[in-house]
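Chain residues, written in single-letter form:
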Amino acid sequence: MKNIKNIILLLIFLTTYTYATNLKFGVYTSDKASVMYKQFKPIIQYLEKDAKKQGLDLKISIKIYPSYESALEGMVRGDYDFARFGPASYILAKQRNTHIKLLVMEEQKGKKVFNGVFIVNKDSNIKSLEELKNRSFAFGDIKSTIGRYLAQNELLKVNITSKDLKNYEYLNRHDKVALAVVHGNFDAGVVKESSFKKYKNRGLKSISTFENVTKPWLVRSGLDDKIYNTLKKSLLNLKDKKVLKSIKKTGFLEANDDDYTIIKKSMNNSSKF
């Protein structure tokens, strides 16, 4: 009799207990891994808390990939559930797995754009893009929207191709580009606006800027619709300024592929570089 009661109690427990759903969030290192983890931890904690308010118990771990390419490969394979990508990385991933879905896109003071910045050392005599001919140049990652595709598109506008540069390298991260220019290892480089502001006082100045579409958040192929809708609702409703400050954005907006048409065109055009 006692055993029967124990079995009944166990069945009641199993039918009423809600198991947490484990999710993996992926992001690549546009800065040092330790910086990236600190940057995204607050918003991941927010998503867990807000999902619970919506009746869904989520436990989200952060996976920081060492490169754009490894993060892209992981999303294509479905190794993690959702991510924050650059526009170009999203387009490349979508080309290889059409079932990857946009979740939201970041907002910057009500806009869907932010700036990329061409930088030189503060003591440099370079004042314009045209003056970069026969100079050394530091790009970011070879799959970076700002660090490669848009920057090369801007250089092409002033009739500069790879053959016109003294030499160039892809340094993988915005912080590495900024520091390389600070230390005089390259005559010029290109970084996202937040990196320029961070390292400006170390000895940088801007010679030109250009617009980039804000970053998309996306989900892997086959993610459960309930989880997708919960994450989307949480991000669109996020108003906590402290959490948003951690990712240097002011909110999230609905996203669709048309928002990234200009990026696709720049990527195609950069092949001429």
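Scope of this entry: the structure provided in the associated data block.

Rules behind the numbers
- Residues numbered from 1 in each chain as written.
- Predicted model: local features only at pLDDT ≥ 70, side-chain atom pairs only at ≥ 80, totals over all residues.
- Heavy atoms only, no water.
- Helix = DSSP H or I, 4+ residues; strand = E, 2+ residues; numbered from the N terminus.
- Buried < 20%, exposed > 50% of the residue type's maximum accessible area, 1.4 Å probe, protein only.
- Contact = heavy atoms within 4.5 Å.
- Areas by Shrake-Rupley, 256 points an atom, 1.4 Å probe, with all protein chains shown as cover.
- Lys, Arg positive; Asp, Glu negative; His and termini not counted.
- Charge placed at Lys NZ, Arg CZ, Asp CG, Glu CD.
- Core = buried A, V, L, I, M, F, W, Y, C linked by side-chain atoms within 4.5 Å.
- Pairing = 2+ DSSP bridges.
- Axes fitted to C-alpha atoms, helices over the stretch in contact; angles between N-to-C directions.
- Phe/Tyr/Trp six-rings, centres within 6.5 Å; stacked < 30°, edge-to-face > 60°.
- Expected span 1.5 Å × (residues − 1).
- Bend = angle between axes of the 7 residues up to and from the residue.

## Examining the overall build of the protein chain
So, point 1. A tally of helices and strands in the protein chain yields ten helices and eleven strands.
So, point 2. Across its three principal directions, the C-alpha atoms of the protein chain cover 90 × 35 × 30 Å.
So, point 3. A burial count over the protein chain gives 51% of its 273 residues as buried.
So, point 4. Here the contacts in the protein chain between residues at least 6 apart in sequence split such that 80% fall between residues at least 24 apart.
So, point 5. Carbon and sulfur atoms form 49% of the exposed surface of the protein chain, whose accessible area is close to 13,900 Å².
So, point 6. Computed over 50 positive and 28 negative side-chain charges, the inter-centroid distance for the protein chain is 5 Å.

## Structural notes on the nonpolar core
So, point 1. Ranked by size, the top nonpolar core spans 46 residues in total, and within it Phe85, Phe118, Leu132, Phe137, Phe139 and Val190 carry the most contacts.
So, point 2. One finds Leu23, Phe25, Tyr46 and Ala51 within the second-largest nonpolar core, a separate group that totals 29 residues.

## As for the pairing of strand E4 (residues 101–107)
The side chains of a regular strand alternate, first on one face of the sheet and then on the other.
So, point 1. With six of seven residues buried, E4 lies mostly within the body of the structure.
So, point 2. Strand direction decides the pairing type here: E4 and strand E11 (residues 251–253), joined by three bridges, are antiparallel. Paired with Glu107 across the bridge in E11 is Gly251.

## What to know about the side chain of Thr145
So, point 1. Considering the arrangement of structural elements, one finds Thr145 in helix H5 (residues 145–157).
So, point 2. Given the relative accessible area of 5%, Thr145 is considered buried.

## A short note on helix H6 (residues 174–182)
So, point 1. Counting buried positions over the nine residues of H6 gives seven, a clear majority of the element.
So, point 2. For H6, the set of buried residues is His174, Asp175, Val177, Ala178, Ala180, Val181 and Val182.
So, point 3. Directly after H6, the chain includes Gly184, whose backbone phi takes a positive value near 80°.

## Regarding unusual backbone geometry
Excluding glycine, a negative phi dihedral is what most residues carry, and trans is how most peptide bonds are arranged.
So, point 1. Positive phi, close to 80°, is recorded for Asn172, a residue that is not glycine.
So, point 2. For Asn172, the position within the fold is in the loop between strand E7 (167–170) and H6.
So, point 3. Here Asn172 falls in the partly exposed class, since its relative accessible area comes to 39%.
So, point 4. At Lys248, a position not held by glycine, the phi torsion is positive, near 60°.
So, point 5. You can see Lys248 is positioned in the loop between helix H9 (241–246) and E11.

## Some thoughts on the sheet that holds E4
So, point 1. The mixed open sheet is built from six strands, whose spatial order is E2-E1-E3-E10-E4-E11. Every interior strand has two partners, whereas the edge strands, strand E2 (58–65) and E11, have only one. For this sheet, the mean inter-axis angle between neighbouring strands, taken without regard to orientation, is 25°.
So, point 2. Seen against the sheet, helix H3 (residues 68–77) touches strand E1 (21–28), E2, strand E3 (82–84) and strand E10 (216–219) and runs at an angle of roughly 140° to E2.

## Points about the packing of aromatic side chains
So, point 1. Under the defined criterion, the tally for this structure stands at 17 aromatic pairs.
So, point 2. On the numbers, 5.4 Å between centres and 55° between planes, the contact of Phe118 with Phe210 is tilted. Of this pair, Phe118 sits in strand E5 (residues 113–121) while Phe210 sits in strand E9 (residues 204–213), and the two are 92 residues apart along the sequence.
So, point 3. Given a relative accessible area of 0%, Phe118 falls into the buried group.
So, point 4. Among the residues examined, Phe210 registers a relative accessible area of 5% and is labelled buried.

## A few points about the sheet that holds strand E8 (residues 188–192)
So, point 1. Spatially, E7-E6-E8-E5-E9 is the arrangement adopted by the five strands of the open sheet, whose pairing is mixed. Across the chains shown, the open sheet's two edge strands, defined by having one partner strand only, are E7 and E9. Neighbour-to-neighbour, the strand axes of the sheet open up by a mean angle of 20°, direction not taken into account.
So, point 2. Examined bridge by bridge, strand E6 (residues 136–139) and E8 share two bridges and lie parallel to one another. By the bridge assignment for E8, Ala138 is matched with Gly189.

## Points about helix H2 (residues 33–53)
So, point 1. Between its first and last C-alpha atoms H2 spans 30 Å; for 21 residues at 1.5 Å apiece the expected length is 30 Å, and the two agree.
So, point 2. Taken as a whole, H2 carries its principal kink of about 35° at Lys41; the proline Pro42 stands between one and four residues after it.
So, point 3. If you check which residues of H2 are buried, you get Met36, Gln39, Phe40, Ile43, Ile44, Tyr46, Leu47, Asp50 and Ala51.
So, point 4. Gly55 sits one or two positions beyond H2 and adopts a positive phi of about 90°.

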